[in-house]
Amino acid sequence: MYRLLLAVAVLATLIVSATCSNFDSYKLSLIWRTSASNTGSECKPRIPSKFTIHGLWPQDEHDQKIPPYDPNTNKCNVNPTNPSDILDKLTTIENELEQMWPSLRYNKDDATYWRTQWEHHGMCSEYPTDPKGYFDATLTLANKYDPLQDRQIPLWEFNHQTKLYQVQKILDNVKKKVGVYPQISCNMLPKVGTLQLREIRFCFEKGKPPTQLKDCPKAVDDRCTSITNDIRFPPPSPIFSTPNITNGRVAIY
């Protein structure tokens, strides 16, 4: 009986290890809130005029997101902290999270957004029982690699209402400043049909904390399909849209 239990325990460990072996790197996604909010989505008022955090995502060797933790199908870590228990552990960094990692949608408060990011990504990171460590590491990376710092994306050059820029130019500019190529994620402005920069994503080697940048395997994502795509970088105040403030939210059309 003892040998049977030991064999089961070893097998379970191997299964967990095999699942975790697919965790190859991290991807830090920073979102430009104007682009996320001028496509018809109902957003909160006072959209930040800066890049904020979308998430820090464990990626597999094929640059795909690791699926969310599931005790039956993806037990990527043993007994990670439950999403319902993380807020008490974030009190000392809550103010910074509100500034750097806010929820955009009017129907999702910040705390719900953080729990979702933890459930989808943090539980399968290298911080399964340390939510503060995971969120703190993400804040550090986001502050260090803010695209508006060091002229990675100089507002006075790119922030123009109608001018378009080739994706390759933005990639090269970031490469020149930080030494690696990021990934550019785009969406499309309705009715106008123009591609616009939605997110810049930085890739990191696996580490606790992740510190070693590397070239992102894929240069573009979402509506951008080529480095030759021409895109716009909309000003902080949305254009081609009329804010409609109702019950404390902004609907942008």
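This text follows the structure it describes.
Keep in mind that what you see is a predicted model, and the values were worked out from it rather than measured.

A. Spatial organisation of the state of the cysteines. Applying the stated criterion across every chain, the model contains three disulfides. Across the disulfide from Cys-76 sits Cys-124; the S-S distance is 1.8 Å. With the S-S dihedral at roughly -85°, the linkage between Cys-76 and Cys-124 falls on the left-handed side. With Cys-76 in the loop between β3 (51-59) and α3 (94-100) and Cys-124 in the loop between α4 (110-120) and α5 (131-144), the pair connects residues that are 48 residues apart, well separated along the chain.

B. Examining the packing of aromatic side chains more closely. Under the definition given, this model contains eleven aromatic pairs. The interplanar angle of 85° and the centroid separation of 5.0 Å between the aromatic rings of Phe-23 and Tyr-26 together place this pair among those described as edge-to-face. Comparing Phe-23 with Tyr-26 shows no difference in burial state: the two are buried. For the ring pair Trp-101 and Tyr-134, a centre distance of 6.5 Å and an interplane angle of 45° mean the geometry is tilted. One end of the pair, Trp-101, is in the loop between α3 and α4; the other, Tyr-134, is in helix α5, and 33 residues separate them in sequence. Residue classification places Tyr-134 among the buried positions, given a relative accessible area of 0%. An aromatic cluster is built from Trp-101, Trp-118, Tyr-134 and Phe-135, whose rings are joined through pairwise contacts. Directly above the ring of Tyr-127 sits Lys-208, whose terminal nitrogen or CZ lies 5.2 Å from the centroid.

How each quantity is defined
Here the residue index of a chain counts from 1 through its sequence in written order. Selection of residues for local features in this predicted model requires a pLDDT of at least 70, selection of side-chain atom pairs for listing and counting requires 80 or more, and totals for whole chains, interfaces and linings are taken over all residues. The basis for every side-chain value is the complete set of heavy atoms in the structure, and neither hydrogens nor water enter the calculation. Criterion for a disulfide: a pair of cysteine sulfur atoms within 2.5 Å. Put simply, DSSP H or I for four residues or longer makes a helix, DSSP E for two residues or longer makes a strand, and each gets a number counted from the N terminus. Pairs were defined over the aromatic rings of Phe, Tyr and Trp, the Trp ring being its six-membered one, requiring ring centres within 6.5 Å. Orientation was assigned from the angle between planes: stacked under 30 degrees, edge-to-face over 60, tilted for the rest. Per-residue accessibility, obtained with a 1.4 Å probe over protein chains only, is compared with the maximum for each type, and a residue is labelled buried under 20%, exposed over 50%, and partly exposed between these values. Should the NZ of a Lys or the CZ of an Arg lie within 6 Å of a ring centre and within 35 degrees of the ring normal, that charge is described as sitting over the ring.

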